[in-house]
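Single-letter residue listing:
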Amino acid sequence: MLPENLKWYFPSNIAQAVKLISQPGVMLHAGGTRILKTQSQKISALVDVCNLKLNYIKHNKHTFHLGSAITFGEVIKYSKDNNCLKMLGSALTQAASTPLRNRITIGGSIKDFPLWSNLYAPLIALDAKVDVRGNKAGIFSIEDYVTEGIIKSKHIVKEIIINDDGSLIWKVKRFALLKFEYPIFNIAIALKVKNKIIQDAKLVITGVKNRYKRLKHAEKVLIDKQISSETFSEAEKFIEPKFISDYKYSSSYKETAAKVYFNDLLNEILKDNL
Amino acid sequence: MKASFIINNSSKELELNPNETLLSVLRKNGFTEVKCGCNEGECGACLVLLEEKSVNSCQVLAMSVQNKNIKTVKGIGTFHDPNLIQKIFASAGADQCGFCSPGMVISAYNLLKENPNPTDEEIVEGLDGNLCRCTGYVKIIEAVKRTSNVLQENNLNAE
């Protein structure tokens, strides 16, 4: 249970918020679903983001800026109404439920790379960037955000930046037995295709050892090739994600399931594009 | 301590602790139409509309929604002046024990406002945050479809 003498702060700008969260026991509060799940007694104060005006989606041609306080529900609605950000919208639709998606925020699902987040696979596949404020401020690729220690520093995610001109061929899938369960893994495939030739490919899986993996060998096989069953069969030989066994599923079960899912998704791409 | 909320279009000052959920605060201040089911955000019994969007009130810390518009199922329609959704739920036999019904009505209301003519699949998706242990969902889905048909026939909206 959260402490009864919990303090609340409502800063009016990001600099104030960063200063507050640098103190021990002080956490950021946006949707609050993670805080209520963990109910940690170590939290002494919450810094609410409601006055920071971070619940926006702006775009300039094909560059989208998603404020970190925007909810999954708002992103899904935006993507449907504006016929854009479809890959992201599709990934978010697979998570939780309608009322929970009206509270879960983009920032909350990125900060600290939580186990239940569906967001990382599509964001890595989209080459998204994170605008961070705090000890290590700057704009970083999602991969650098995770691997370069920024994620462990005291910081606020201001926004996510995504370039999406709608031309990607993409698939996203989440593997969980129930919608409310934490995903066992998430897969995202994004192909940039011009004149039927794959110019760029991203194959991402999260939930593996070291949290996520770009399947770079498989990606290399795809580049400069046509979409065909031969090309995809060749690439699939290099899809070997490594998982850790847990009390529910063995690593070999997860590895087999991941390969089946990749195969399914690549076959769907084949079907859609022949 | 006390904090201000706008509940069913009426400004209220409610007694609360800073660590309390919206569900707990609403119920202890007399809004018992908001039901406590799982307290984990999975059953939907505690749904309310927060700024016209359905949320699990057990997953919202009350202090974070001060001065926001909150609607419970009684804000959609009352015993003496029920909303069309509530009337049709009753006439369609869409409740048995009735415990999930406030949450179901909130979800149906939310759905029909956004999408007045949903397909069966869209109805199931729109109610994806609501569990019912009694009915098997058939009559609930029928009730939502019937409401949608009446709204379409009479050119009305869910409100």
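In this text the structure is predicted, and so the values were computed from the model without any measurement. (Residues numbered from 1 in each chain as written. Chains lettered and ligands numbered in written order. Predicted model: local features only at pLDDT ≥ 70, side-chain atom pairs only at ≥ 80, totals over all residues. Heavy atoms only, no water.)

### Considering the interface of chain A and chain B
Part 1 of the reasoning: Facing the 28 residues of chain A at the interface are 27 residues of chain B.
Part 2 of the reasoning: Overall, the association of chain A and chain B removes approximately 2,100 Å² of surface from exposure, summing both partners, and the carbon and sulfur fraction of that is 57%.
Part 3 of the reasoning: Together, Leu36(A), Pro99(A) and Arg103(A) form the three largest contributors to the area buried by chain A at its contact with chain B, with a combined 27%.
Part 4 of the reasoning: Here Arg101(A) and Asp128(B) are joined by a salt bridge, their closest N and O atoms 3.2 Å apart.
Part 5 of the reasoning: Counting the contacts that link chain A with chain B gives seven residue pairs in polar contact (both at pLDDT 80 or more).
Part 6 of the reasoning: Taken together, the elements giving at least two residues each to the side of chain A that touches chain B come down to α2 (33-38), β3 (45-48), α3 (72-82) and α5 (98-101) of chain A. (Contact = heavy atoms within 4.5 Å. Buried area = accessible area lost by both parts, 1.4 Å probe. Salt bridge = Lys/Arg side-chain N within 4 Å of Asp/Glu carboxyl O. Polar contact = N/O pair within 3.5 Å; in protein donor to acceptor, adjacent residues only side chain to side chain. Helix = DSSP H or I, 4+ residues; strand = E, 2+ residues; numbered from the N terminus.)

### A short note on the environment of Gln86(B)
All names here are of chain B.
Part 1 of the reasoning: On the secondary structure map, glutamine 86 appears in helix α3 (residues 84-92).
Part 2 of the reasoning: Separated by 19 residues in sequence, glutamine 86 and valine 105 have C-alpha atoms that sit 6.8 Å apart.
Part 3 of the reasoning: In contact with glutamine 86, other than residues within four places in its own chain, are Val73, Ile76, Gly77, Thr78 and Val105.

### Quick notes on the confidence of the model for chain B
The predicted structure's coordinates, where accompanied by low pLDDT, should not be read in detail.
Part 1 of the reasoning: Scored by pLDDT, chain B has a mean of 94; 100% of the residues are at 70 or more.
Part 2 of the reasoning: Two summary scores accompany this predicted model of the complex, namely pTM at 0.93 and ipTM at 0.94. (pLDDT = per-residue confidence, 0-100.)

### Structural notes on the packing of α3(A) against helix α4 (residues 86-93) of chain A
Residue and element names in this part refer to chain A.
Part 1 of the reasoning: Two numbers describe how α3 lies on α4: the axes approach to 9 Å, and their chain directions differ by 135°. Here α3 lies oblique to α4, going by the angle between them. Relative to α4, the crossing made by α3 is left-handed. From α3, Phe72, Val75, Ile76 and Ser79 reach across to α4, where they touch Leu88, Gly89, Leu92 and Thr93. (Axes fitted to C-alpha atoms, helices over the stretch in contact; angles between N-to-C directions. Parallel < 35°, antiparallel > 145°, perpendicular 65-115°, else oblique. Left-handed = near helix turned anticlockwise from the far one by under 90°.)

### Topic: the sheet that holds strand β10 (residues 185-194) of chain A
Residue and element names in this part refer to chain A.
Part 1 of the reasoning: Spatially, the four strands line up as an open sheet ordered β9-β10-β11-β12, and their pairing is antiparallel. The outermost strands of the open sheet, each flanked by one partner alone, are β9 (169-175) and β12 (211-214). Ignoring which end each strand starts from, the neighbouring axes of this sheet average 10° apart.
Part 2 of the reasoning: Here β10 pairs with strand β11 (residues 197-208) via nine bridges, running antiparallel. Bridge assignment links leucine 191 to a residue of β11, and that residue is alanine 201. (Pairing = 2+ DSSP bridges.)

### Focus: empty space enclosed by the protein
Part 1 of the reasoning: Using the criterion set out here, one finds two cavities of 30 Å³ or more in the structure.
Part 2 of the reasoning: If you add up the space inside the largest cavity, you get close to 40 Å³.
Part 3 of the reasoning: Looking at the lining of the largest cavity, the elements with two or more residues in it are α7 (120-125), β9 and β10 of chain A.
Part 4 of the reasoning: Here the residues of the lining of the largest cavity sort into five nonpolar, three polar and two charged.
Part 5 of the reasoning: The calculated volume of the second largest cavity comes to roughly 30 Å³.
Part 6 of the reasoning: Taken together, Ala94(B), Asp95(B), Gln96(B), Cys97(B), Gly98(B), Cys100(B), Cys132(B), Cys134(B) and Thr135(B) make up the full set of residues lining the second largest cavity. (1 Å grid on protein atoms, 1.4 Å probe; cavity = no way out; pocket = protein on both sides within 12 Å on 5 of 7 lines; lining within 4 Å. Points joined across faces, edges and corners; volume = space filled by probe spheres on them. Nonpolar A, V, L, I, M, F, W, Y, C, P; charged D, E, K, R; others polar.)

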